[in-house]
Amino acid sequence: MRKSSIRRACAALAAATSLALALTACGGTTKKDVASDSGSAASDGKADPNAATKKGLTVGFLPKQVNNPYFTSADKGGEKALKELGSSYKEVGPNSATDTAGQVSYVNTLTQQQVDAMAVSAQDPGALCTALKQAMKNDIKVVTYDSDTKPDCRNAFVSQASAEDLGRTEVQLLAEQIGYKGEIAILSAAQTATNQNTWIDFMKDELKDPKYKDMKLVKVAYGNDDAQQSFQQTQGLLQEYPNLKGIISPTTVGIKAAAQYLSGSKYKGKVQLTGLGTPNDMRKYVNNGTVTAFELWDPAKLGELAARTAVALASGQITGKEGESFKAGSMGDFTIGKDGVISLGKPTVFNKDNIDQFNF
Ligand code: RAM
């Protein structure tokens, strides 16, 4: 049976029976059949860098949270790239960054809809694995972007920057701002978020350097990428630790809420705040003296690279193995690193001298 007829039969089966049952029934056979009858390089496990870029594909974007301006920018970048490549874009996703069950069911929905590829920012490293593996068995290419799952649960991860660079530079930025002295705290997103947790591990490692001996990390708080919870967590940190000198918030939602709290409090300019924010969210707080410097990558470029990676995978130009290269349009050539990681590049540090040059 041809791959397309199998997919149609499976989609019909999924519609007629329970999704899980249908996908299990279709999973094993589809992959085997594709490998033997499509002849495409990727399905044989070999990349063909010269394969034509397929058009007419559908790529589903599944961010951690749909109403988060960071993901709006990222996914718009993906949409624009797909349009340029002659393929279609769709976006689904939960409203809350802690609705992991919601993310799992969106993965199943995209699988049921037989998209060609999906780009997922995982709320949790392990929770999506079964659903993502099911998608891959159904010959759907899976790219994670922004926040990864486990390497065997996706074909490739499009990373915003080196996790190590991000974690260490945030500590370095804050240390300079507080003169390498005093209590500090971290205001993170969801407690399960793969990306934030990886960065926090590098922050803790960086803090072991003797040059930070007079700095003490007193708490990691979680605002769940919810503006109100992040605001309250900041308020709570200052109540609990009145001598706090600085906060690192490695989330665009968290840093904005923390800046809003500090800016209207007696701590403005006294407690330093850095982390990962968008220039448009943070401009006001840089200009009013609440924030000195923070960093981020361009989220639209991250979304664009995720879309281009998804299309390269679906076209058989790459399979996700270390060492494979592909052309990402005007973004240039990218080579896949260890564990299927593709890195966007270096983040930008924003301060009052350069922030007005950026509009995202
Ligand atoms: C939030 C999300 C996202 C993270 C950015 C920095 O928008 O938690 O995953 O990459 O912040």
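This text follows the structure it describes.
Residues numbered from 1 in each chain as written. Predicted model: local features only at pLDDT ≥ 70, side-chain atom pairs only at ≥ 80, totals over all residues. Heavy atoms only, no water.

A. Structural context of the packing of helix H4 (residues 100-112) against helix H5 (residues 129-137). Packing of H4 against H5 leaves a shortest axis separation of 9 Å and a crossing angle of 10°. One way to sum up the angle between H4 and H5 is to call them roughly parallel. The residues of H5 that touch H4, namely those facing Val 104, Val 107, Asn 108 and Thr 111, are Ala 131, Leu 132 and Ala 135. When the residues that make up the contact of H4 with H5 are grouped by side-chain class, the tally is five nonpolar, two polar and no charged. (Axes fitted to C-alpha atoms, helices over the stretch in contact; angles between N-to-C directions. Helix = DSSP H or I, 4+ residues; strand = E, 2+ residues; numbered from the N terminus. Parallel < 35°, antiparallel > 145°, perpendicular 65-115°, else oblique. Contact = heavy atoms within 4.5 Å. Nonpolar A, V, L, I, M, F, W, Y, C, P; charged D, E, K, R; others polar.)

B. Molecular detail of the site of the ligand. Residues in contact with the ligand amount to 15 residues; listed here are only the nearest, Lys 64, Asp 146, Asn 195, Asp 225 and Thr 252. In the environment of the ligand, an oxygen atom lies 2.6 Å from a nitrogen or oxygen atom belonging to the side chain of Asp 225. Here Thr 252 contributes a side-chain N or O atom positioned 2.6 Å from an oxygen atom of the ligand. Counting only elements with at least two residues in the shell around the ligand, the list comes to helix H3 (69-84) and helix H7 (194-206). (Near = heavy atom within 4 Å. Polar contact = N/O pair within 3.5 Å; in protein donor to acceptor, adjacent residues only side chain to side chain.)

C. Summary view of helix H11 (residues 299-314). Compared with the 22 Å implied by 1.5 Å per residue over 16 residues, the 23 Å span of H11 between its first and last C-alpha is a close match. Counting buried residues in H11 gives 14 out of 16 residues, a clear majority hidden from the surface. Of the residues flanking the end of H11, it is Gly 316, one or two places downstream, whose phi is positive at about 80°. (Expected span 1.5 Å × (residues − 1). Buried < 20%, exposed > 50% of the residue type's maximum accessible area, 1.4 Å probe, protein only.)

D. Molecular detail of the packing of helix H9 (residues 252-263) against helix H10 (residues 279-287). One can describe the packing of H9 onto H10 by two numbers: an axis separation of 10 Å at closest approach and a directional angle of 25°. When the interaxial angle is binned, H9 and H10 end up roughly parallel. The way H9 lies across H10 gives a crossing that is left-handed. Where H9 approaches H10, its residues Thr 252, Ile 255, Lys 256, Ala 259, Gln 260 and Ser 263 are matched on the opposing element by Asp 281, Met 282 and Tyr 285. A per-class count over the contact of H9 with H10 returns four nonpolar, three polar and two charged. (Left-handed = near helix turned anticlockwise from the far one by under 90°.)

E. Up close: H9. Its 12 residues give H9 an end-to-end C-alpha distance of 16 Å, which sits within 8% of 16 Å, the value for a rise of 1.5 Å per residue. Burial runs high along H9: nine of the 12 residues are buried. Every buried residue of H9 is listed here: Thr 252, Val 253, Gly 254, Ile 255, Ala 257, Ala 258, Ala 259, Tyr 261 and Leu 262. Regarding H9, its N-cap is Thr 251, as a side-chain oxygen of that residue lies 3.1 Å from the backbone nitrogen of Val 253 further along.

F. Just the pattern of salt bridges, in detail. In the structure shown here, the tally under the stated rule is 17 salt bridges. Residue Arg 283 is joined to Asp 356 by a salt bridge in which the shortest nitrogen-to-oxygen separation is 3.4 Å. Of this pair, Arg 283 sits in helix H10 while Asp 356 sits in the segment after strand E14 (348-350), and the two are 73 residues apart along the sequence. What makes Asp 356 exposed here is its relative accessible area of 58%. Ionic contacts of the salt-bridge type, sharing partners, join the residues Glu 164, Arg 168, Asp 205, Glu 206 and Lys 208 into one network. (Salt bridge = Lys/Arg side-chain N within 4 Å of Asp/Glu carboxyl O.)

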